[in-house]
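# Coordinate analysis (summary)
So the chains spell out like this:
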Amino acid sequence: MSDKKKLTYSQAIEELEQIINEIETESIDVDVLTEKVKRATHLIKFCKGSLKTTEEEVKKALSEIEEKSAEEGLEGPFCHPGKTIEN
Amino acid sequence: MEYFTLSELAYLIKSTIQSTLYDDYWVIAEIAQVSYHYNSGHCYLDLVEKKKNMTMAKMRATIWARSFSQISANFKALTGQELQVGMKILMLAKVTYHEVHGLSLNIKEIDPRYTIGEMMLKRKEIIEHLTKEGIIDGNKLLELPPVIQRIAVISAEGAAGYGDFQSRLNNNPYGYRFHYRLFQAYLQGEKAEQSIITALEKCIKHREHFDAVVIIRGGGSVIDLHCFDSYPLAKMIALSPLPVFTGIGHERDETVADHVANKRLITPTAVAEFLITRSREFEDSIDELKHRLIIKTNALIESEKHYLRTSADSFLTSTRNYLKTAKVALRENIRELQTKALTALKKPSVNIKEYEGKLGNASEGLIKNNRQKMKDFRKVLSVHPVHMLSMQTQKLENYKITIQLLDPQNVLNRGYSITYLNGKALKDAGAAKKDDIINTRLYNGSIVSIVESVREEKKE
């Protein structure tokens, strides 16, 4: 899904609300109803899917930060998790 | 030369102190170091007075085990905190001197209200400063995304609070996925403030990967809030482009960090719960929209169907009605036609009868008429038969004379002749040509001759 990367929850819900509003106010033509319902279904799927699936891209990004931090050679507590004080 | 042994001098000091500083004094000092001896139950402190980083005075102090448990409990109950480094305390102390251990303060009582006041004052000052700078609500004004899924965690690896946070997020009942990354920091002690600031700096540096920062810490036996009442940390939180949530395990007091954070939650579990609830609310709103979509779409389709059905029905009804009306009209037309045809047919039959009558009359008249004429003829015939006969005879005689005069024999008798060519009377010399055989009939007999020459004579 190409829009998965770009589409945010905010955008998705905004678009979804707009479509449903259009349908509810019946400002929509029956001819394009199918198309709109399809899009809405896609958005719902996107939102629900994103909530519950592990995004590999995010994981990758987070691990990259890890690597960078290691390269930067952190000082203090970062390098020595063993020494961290137990709360 | 008079001299003291060290012990003699020590004794002198001791007795002097005992005789002149025998009262208990209320003293204000900052804790520079604190240690608790588990075996003895005594608490040893280093007290200082500082003025712009200069140490003005320094003294050791002891809280004996018999009073420590009561002092400590009271202090904790009122301040919500343990005695800790950096804290200013108001204590009732007696100056003691021990020949071996030296000068020390024996702390008999601590008034926690002073410490609270100090803490409050410090917080108030920081908050006022940030307010003056106009950044106090900076983090609160950040708009939160509907789902906070990628989280930068500032905590300590292995800390109970972080464990709670992880397990709550990972085992949420809705199956939501949260992506978090730990940024290690000390959360108490002298290094805490700086290490939290460093961690937050890193989070902000990688802000495109995160929806929010959470600062969490489990509420252990030792509660040190000192590091969260820090101006530099509070300022960094206020200016952070990422929303910051705190869950530093402290219910009663709101630290400056809590105050400037986007949201202050009590425990790490509460932070996790907040994030889960937010996702849940988002999913609920999606479900609600989905529900509305289904309801409305179905309603729309249903109404279209209904419209179609009604249209078809009304088309059928109106067609039926039309056909009915047309049938009636047709029947009427047929009836009218029949009536008219009958009337039309009746009219000529009347005429015919009239004509019949007329014809009958006329023919009767005609017959009568003719009969009369016949009668008349008969009368004429019977009256004039003789006269008629003689008249006819005379006429016949006249005709006989005329005919005799016209007989060609008579003409021939007078010397005329008729010439025939091929059996036909020759009237024009041009009709004959040389060597034609012509027959000339005379009154008596005829001559056959061959044409020698023809001479035409134009006749008008």
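Residues numbered from 1 in each chain as written. Chains lettered and ligands numbered in written order. Predicted model: local features only at pLDDT ≥ 70, side-chain atom pairs only at ≥ 80, totals over all residues. Heavy atoms only, no water.

### Topic: the overall build of chain A
Within chain A one finds four helices and zero strands. Counting from the amino terminus, chain A carries its helices and strands in the arrangement α-α-α-α. Relative to all contacts within chain A whose residues are 6 or more apart in sequence, the contacts with residues 24 or more apart total 71%. As displayed, chain A offers around 5600 Å² of accessible surface, 49% of which is attributable to carbon and sulfur atoms. (Helix = DSSP H or I, 4+ residues; strand = E, 2+ residues; numbered from the N terminus. Contact = heavy atoms within 4.5 Å. Areas by Shrake-Rupley, 256 points an atom, 1.4 Å probe, with all protein chains shown as cover.)

### As for the overall build of chain B
Within chain B, the regular secondary structure consists of ten helices and 14 strands. By residue count, 33% of the 460 residues in chain B fall in the buried class. Once local pairs closer than 6 in sequence are excluded, the contacts in chain B between residues at least 24 apart make up 62%. Carbon together with sulfur atoms contributes 57% to the accessible area of chain B, which is approximately 29900 Å² in total. (Buried < 20%, exposed > 50% of the residue type's maximum accessible area, 1.4 Å probe, protein only.)

### Quick word on the sheet that holds strand S3 (residues 54-63) of chain B
Residue and element names in this part refer to chain B. One closed barrel accounts for five strands, arranged S1-S2-S3-S5-S4; its pairing is mixed. On average, each strand axis in the sheet is inclined to that of its neighbour by 55 degrees, with strand direction left out of account. Of the strand pairs in this sheet, strand S1 (residues 25-36) and strand S2 (residues 43-51) are connected by six bridges, and their pairing is antiparallel. Bridge pairing in S2 places Gln-33 opposite Asp-46. Set on the sheet, helix H1 (residues 6-20) makes contact with S1, strand S4 (88-98) and strand S5 (102-111); between it and S4 the angle comes to about 130 degrees. Its contacts with the sheet put helix H3 (residues 112-133) on S1, S4 and S5, and the angle it makes with S4 is roughly 130 degrees. (Pairing = 2+ DSSP bridges. Axes fitted to C-alpha atoms, helices over the stretch in contact; angles between N-to-C directions.)

### A short note on the packing of aromatic side chains
By the definition in use, this model includes eight aromatic pairs over all chains. Their ring planes at 70 degrees and their centres at 5.2 Å tell us that Phe245(B) and Phe274(B) sit as a pair that is edge-to-face. One end of the pair, Phe245(B), is in strand S9 (residues 244-247); the other, Phe274(B), is in helix H8 (residues 268-383), and 29 residues separate them in sequence. Across the pair, exposure class does not vary: Phe245(B) and Phe274(B) are buried alike. Aromatic ring contacts, followed pair by pair, group Tyr9(A), Phe46(A) and Phe282(B) into a single cluster. Between Arg181(B) and the ring centre of Phe183(B), over which it is positioned, the NZ or CZ distance is 4.6 Å. (Phe/Tyr/Trp six-rings, centres within 6.5 Å; stacked < 30°, edge-to-face > 60°. Lys NZ or Arg CZ within 6 Å of the ring centre and 35° of its normal.)

### Description of the pairing of S9(B)
Residues and elements named next belong to chain B. Here S9 shows two buried faces, one formed by Val-244 and Thr-246 and the other by Phe-245 and Gly-247. Relative to S9, strand S8 (residues 212-216) is paired through four bridges, and the arrangement is parallel. Note on S9: the bridge partner recorded for Val-214 is Phe-245.

### Comments concerning the packing of helix H2 (residues 65-79) of chain B against H3(B)
Residues and elements named next belong to chain B. The interhelical angle for the contact between H2 and H3, taken along N-to-C directions, is 35 degrees, at an axis separation of 9 Å. Viewed along their axes, H2 and H3 form a crossing whose handedness is right-handed. Here Asn-74, Phe-75, Leu-78 and Thr-79 of H2 lie close against H3, whose contacting residues are Pro-112, Thr-115, Ile-116 and Met-119. Among the residues forming the contact of H2 with H3, the class breakdown is five nonpolar, three polar and no charged. (Left-handed = near helix turned anticlockwise from the far one by under 90°. Nonpolar A, V, L, I, M, F, W, Y, C, P; charged D, E, K, R; others polar.)

### Points about the sheet that holds strand S12 (residues 424-425) of chain B
Residues and elements named next belong to chain B. Here we have four strands laid out as an open sheet, ordered S12-S11-S13-S14, and antiparallel in their pairing. Two strands in the sheet have a free side with no partner beyond their single neighbour: S12 and strand S14 (446-450). Bridge analysis of strand S11 (residues 418-421) against strand S13 (residues 437-441) gives four bridges, and the strand direction is antiparallel. Bridge pairing links Leu-421 to Ile-438 in S13.

### Some thoughts on the nonpolar core
When a protein is soluble and globular, its nonpolar side chains tend to lie buried together. Residue and element names in this part refer to chain B. Counting residues in hydrophobic clusters, the biggest one holds 83 residues, and the most contacted among them are Ile-151, Ile-154, Phe-165, Phe-228, Phe-245 and Leu-275. Split by domain, the residues of this core number at least three in each of domain 2 (134-266) and domain 3 (286-406). Beyond its immediate stretch of four places on either side in the chain, Leu-275 contacts Ile-148, Ile-151, Phe-165, Leu-169, Phe-178 and Phe-245. (Core = buried A, V, L, I, M, F, W, Y, C linked by side-chain atoms within 4.5 Å. Domains from an automatic or database assignment.)

### Considering the pairing of S1(B)
Residues and elements named next belong to chain B. In terms of strand pairing, S1 meets S4 through six bridges, oriented antiparallel. Bridge assignment links Val-27 to a residue of S4, and that residue is Met-91. Taken together, S1 and the strand that follows it, S2, pair antiparallel across an intervening segment of six residues, in which Gly-41 is found at a positive phi of about 85 degrees.

### As for the side chain of His209(B)
Residue position: His209(B) is located in the loop between helix H5 (192-205) and S8. For His209(B), a relative accessible area of 18% puts it in the buried group. A distance of 3.5 Å separates the side chain of His209(B) from the side chain of Glu208(B), its partner in a polar contact. Apart from the residues lying within four places of it in its own chain, the contact partners of His209(B) are Ala61(A), Leu62(A), Ile65(A) and Arg150(B). (Polar contact = N/O pair within 3.5 Å; in protein donor to acceptor, adjacent residues only side chain to side chain.)

### What to know about the confidence of the model for chain A
Residues and elements named next belong to chain A. Confidence along chain A averages 72 in pLDDT terms, with 68% of residues attaining 70 or more. Per-residue pLDDT, averaged within each element of chain A, yields its smallest value for helix H1 (residues 3-6) (53) and its largest for helix H2 (residues 9-24) (89). When the criterion is pLDDT under 50, residues 73-87 qualifies, and its contacts beyond four places in sequence or with other chains add up to 33 contacts. (pLDDT = per-residue confidence, 0-100.)

### Re a positive patch on the surface
On the surface, Arg371(B), Lys375(B), Arg378(B) and Lys379(B) cluster together into a positively charged patch. Considering the arrangement of structural elements, one finds Arg371(B) in helix H8. (Patch = residues over 30% accessible without salt bridge, like charges linked within 9 Å, V, L, I, M, F, W, Y side chains within 5 Å. Salt bridge = Lys/Arg side-chain N within 4 Å of Asp/Glu carboxyl O. Lys, Arg positive; Asp, Glu negative; His and termini not counted. Charge placed at Lys NZ, Arg CZ, Asp CG, Glu CD.)

### Topic: helix H3 (residues 30-52) of chain A
With 23 residues, H3(A) should cover 33 Å at 1.5 Å per step; its first-to-last C-alpha distance of 33 Å lies within 8% of that length. Of the positions making up H3(A), those classed as buried are Leu33(A), Ala40(A), Leu43(A), Ile44(A), Phe46(A), Cys47(A), Ser50(A) and Leu51(A). (Expected span 1.5 Å × (residues − 1).)

### Examining the packing of H5(B) against helix H6 (residues 231-239) of chain B
Residues and elements named next belong to chain B. Across the interface, H5 lies against H6 with an axial gap of 9 Å and an inter-helix angle of 15 degrees. Taken together, the axes of H5 and H6 are roughly parallel relative to one another. Crossing geometry of H5 relative to H6 is assigned as left-handed. Contacts between H5 and H6 pair Glu-193, Ile-196, Ile-197, Leu-200, Glu-201 and Ile-204 from the former with Pro-232, Leu-233, Met-236 and Ile-237 from the latter. Looking at the contact of H5 with H6, its residues break down into eight nonpolar, no polar and two charged. (Parallel < 35°, antiparallel > 145°, perpendicular 65-115°, else oblique.)

### Description of a nonpolar patch on the surface
Residues and elements named next belong to chain B. Together, Phe-4, Leu-6, Leu-9, Leu-12 and Ile-13 give the surface a local cluster of nonpolar side chains, amounting to about 480 Å² of exposed area. With respect to the secondary-structure elements, Leu-6 resides in helix H1. With a relative accessible area of 71%, Leu-6 lands in the exposed category.

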